[in-house]
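# Structure at a glance
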Amino acid sequence: MAKTFAERIIDYMEQQNYEISRGRSEKNIIYVEGADTNGTENDDRPNYFNDLRIIIAFTENYQPVIEGIWIATTEPGFYYTDNPMNPNGAARIGFGQYKAWQVGLHGWSSPHEALVQIDEVKIHRDYNRDMKRTGDQIEWGVYGINQHHGWNHPIHDIHTAAAGCLVGRLSEEHFDFMYLAKSDRRYRFDERFVFPTTIIAADRLAVVAQ
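Residues numbered from 1 in each chain as written. Predicted model: local features only at pLDDT ≥ 70, side-chain atom pairs only at ≥ 80, totals over all residues. Heavy atoms only, no water.

## Some details on the sheet that holds strand β7 (residues 121–126)
- Within the open sheet, the three strands sit side by side as β4-β7-β8. Their pairing is antiparallel. Edge strands, defined here as strands with exactly one partner in the open sheet, are β4 (90–93) and β8 (137–141). Strand-to-strand, the axes of this sheet are offset by a mean angle of 40 degrees, without reference to chain direction.
- One ladder, built from four bridges, connects β4 with β7; its direction is antiparallel. Along β7, the bridge assignment pairs Ala90 with Asp126. (Pairing = 2+ DSSP bridges. Helix = DSSP H or I, 4+ residues; strand = E, 2+ residues; numbered from the N terminus. Axes fitted to C-alpha atoms, helices over the stretch in contact; angles between N-to-C directions.)

This is the structure:
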């Protein structure tokens, strides 16, 4: 029997020795770069919302299930690639798992509840503006790479919605994401809980499925 999308993600996380939260009412936040909501790999074309934001939980029988899945981007679009906030290039988060986000507020002109970076993550500096990680300078640090919404920008134009953050396209869906994330029992026990988040390339999941 073919594995579900959730099972493929968890299998990959196990292979990488990532932390997996399997307890009752515990949530796993995952971004899959270059995948459609049915779990198939797409062409990951630049400046599109064509990545996924996913929350996976486990049933009482320890089976992984997707509780929420939303269109997102893990990458900056054309605007901030060509007009980077850092002269060394736009930040592209490195694939991997980081325990680096707490509930807070994102933005100045239109602040909204988000998961806000409070610890180091790995980034690739896109100095040559080719919208790829290959050969880019790698840094670790706190850069304000938050998990926020994309102000309902169209799928085909990230524009100013993402400068390197993990961005769900639609604001209403983002608030659904936040509601689910905050339903994690660890957050309900301690509102300073630091959320682990995993970023995976879709082609890595294709290898798992074989």
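Here the narrative resumes.
## Comments concerning the nonpolar core
- Ile29, Ile93, Trp101, Val121 and Phe177 are the most contacted members of the largest nonpolar core, which has 23 residues in total.
- Listing elements by their share of this core, those giving two or more residues are β1 (28–33), β3 (64–73), β4, β5 (96–106), β7, α3 (171–182) and β11 (195–201).
- Ranked by residue count, the leading element in this core is α3, at four residues.
- Each residue touching Ile93, except ones within four places of it in the same chain, is listed here: Thr74, Tyr98, Trp101, Val121, Lys122, Ile123, His124, Arg133, Ile145, Leu166 and Ile199.
- In this structure, Ile9, Tyr18, Val32 and Phe58 belong to the second largest nonpolar core, which totals 18 residues. (Core = buried A, V, L, I, M, F, W, Y, C linked by side-chain atoms within 4.5 Å. Buried < 20%, exposed > 50% of the residue type's maximum accessible area, 1.4 Å probe, protein only. Contact = heavy atoms within 4.5 Å.)

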